[in-house]
Amino acid sequence: KGIDDAKKHLKIHVYCAEDDEDQKGEDTAPIHEETVDFSTCKPLKNKFEISINHQFQPGLTIAFKLRPKFATPDETKWQESFGKWSREQTIDIPDDDVTF
């Protein structure tokens, strides 16, 4: 018998590191890693918005990448598995608080 709703077991693993242009593409130590339930991601047109539980220091440039994770509901039947990492992207954290 298969899994009733596989989406319930889909997670997104988020890897965040301070962007350092001198690294020339080498992986740097993470300053934050978190696994987020896909069900908490908000649809936004043809993409999804992911929220993580971390506040970064102001003024940093953060490099991040994502990968899907299947968390098995029954280890005797299925293995936990991971997808490939996404392309690395960066985001600038403002120096000051941003108010909308």
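Just so you know, these numbers come straight off a predicted model, no measurement behind them.

1. Focus on the pairing of strand β5 (residues 61-70)
Alignment of strand β1 (residues 10-18) against β5, held across 9 bridges, turns out to be antiparallel. Opposite alanine 17, over in β5, you have alanine 63 as the bridge partner. Bridge count for β5 against strand β7 (residues 89-92) is 4 bridges, and the pairing is antiparallel. Bridge pairing in β7 places phenylalanine 64 opposite glutamine 89. Where β5 and strand β6 (residues 81-82) come together, 2 bridges link them in antiparallel fashion. Its bridge partner lying in β6, phenylalanine 70 is registered against serine 81.

2. Details of the packing of aromatic side chains
Inspection of the entire model under this criterion finds 2 aromatic pairs. The ring of tyrosine 15 carries the charged tip of lysine 65 above its face, separated from the ring centre by 5.2 Å.

3. Looking at the side chain of lysine 11
If you trace the backbone, lysine 11 turns up in strand β1. Taking the relative accessible area as the measure of exposure, lysine 11 reaches 17% and is therefore buried. Once residues within four sequence positions are removed from consideration, lysine 11 is found in contact with Thr35, Val36, Asp37, Phe38, Arg67, Pro68, Lys69 and Ala71.

Cut-offs used in this document
- Residues numbered from 1 in each chain as written.
- Predicted model: local features only at pLDDT ≥ 70, side-chain atom pairs only at ≥ 80, totals over all residues.
- Heavy atoms only, no water.
- Pairing = 2+ DSSP bridges.
- Helix = DSSP H or I, 4+ residues; strand = E, 2+ residues; numbered from the N terminus.
- Phe/Tyr/Trp six-rings, centres within 6.5 Å; stacked < 30°, edge-to-face > 60°.
- Lys NZ or Arg CZ within 6 Å of the ring centre and 35° of its normal.
- Buried < 20%, exposed > 50% of the residue type's maximum accessible area, 1.4 Å probe, protein only.
- Contact = heavy atoms within 4.5 Å.

Geometric values such as these leave the question of function open.
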